[in-house]
Amino acid sequence: MTGKEAVNNVGRVLDFAYITLWVANAKTITIIFESPVTNEGEIAKDLAAHGDFVKDVAFTVEDLDELVRRAKKEGAEIIKDITEESDDDGLFRYAVLKTYGDNTHTLVDRTK
């Protein structure tokens, strides 16, 4: 990570040159608020078009492959197909589907 990080009892603030993130945890729910520090980038453009809004809602799933297969079969628009990221802590698999307008749902599978 290349940004500055501050932690308090209700969340974590991550400051980067282009965006500030505020991460709040409430048991099994994590909420991430993004605030761009420039007028460039996807989030800045979305905020200019919509004002404050929910961009993405992520869900933990157990069978990402089957869910994405079924979504494609039913005609869903896949923004980002199944993607795998890994590090020393394990494997993180996800896909992003368009819902309505500029909103998306991220499906996260940590079962492998």
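For clarity, every value in this text was computed on a predicted model and none was experimentally measured. All residue numbers refer to positions counted from 1 along the written sequence of the respective chain. Local features in this predicted model are restricted to residues whose pLDDT is 70 or higher, and side-chain atom pairs enter the listing and the counts only when it is 80 or higher, whereas totals over whole chains, interfaces and linings include all residues. Side-chain measures here rest on the full set of heavy atoms in the structure, leaving out hydrogens and waters.

Caption draft 1: The arrangement of the sheet that holds strand 6 (residues 78–87) in detail. Pairing between strands requires that DSSP locate at least two bridges from one strand to the other. A run of DSSP states H or I qualifies as a helix once it reaches four residues; a run of E qualifies as a strand once it reaches two. Both are numbered from the N-terminal end. Across the sheet, which stays open at both edges, the four strands sit in the order 5-8-7-6 with mixed pairing between neighbours. Of all strands in the sheet, those with a lone pairing partner are strand 5 (56–60) and strand 6, marking the two edges. The mean angle between the axes of side-by-side strands here comes to 20 degrees, regardless of whether they run parallel or antiparallel. Both strand 6 and strand 7 (residues 90–98) contribute to a ladder of seven bridges, which runs antiparallel. Looking at strand 7, one finds that K80 is bridged to V96. Only heavy atoms enter the contact rule, under which two residues are in contact if any of them lie within 4.5 Å. All axes here are fitted lines through C-alpha atoms, helices being fitted over the stretch that makes contact, and every angle between N-to-C directions spans 0 to 180 degrees. Its contacts with the sheet put helix 2 (residues 64–73) on strand 6, strand 7 and strand 8 (104–109), and the angle it makes with strand 6 is roughly 165 degrees.

Caption draft 2: Region of interest: the pattern of salt bridges. Whenever Lys or Arg places a side-chain nitrogen within 4 Å of a carboxyl oxygen from Asp or Glu, that contact is recorded as a salt bridge. Inspection of every chain in the model, using the stated rule, returns seven salt bridges. For K55, the salt bridge identified is with D46, shortest N-O distance 3.0 Å. Comparing K55 with D46 shows no difference in burial state: the two are buried. In this structure, D109 engages R93 in a salt bridge whose closest nitrogen and oxygen atoms are separated by 3.7 Å. With D109 in strand 8 and R93 in strand 7, this pair connects stretches of sequence that are 16 residues apart. Burial classification: accessible surface area is computed with a 1.4 Å probe over protein chains only, and a residue below 20% of its type maximum counts as buried, one above 50% as exposed, and the rest as partly exposed. Here D109 falls in the buried class, since its relative accessible area comes to 2%. Taken together, the salt bridges that share partners define one network made up of D65, E84, R93 and D109.

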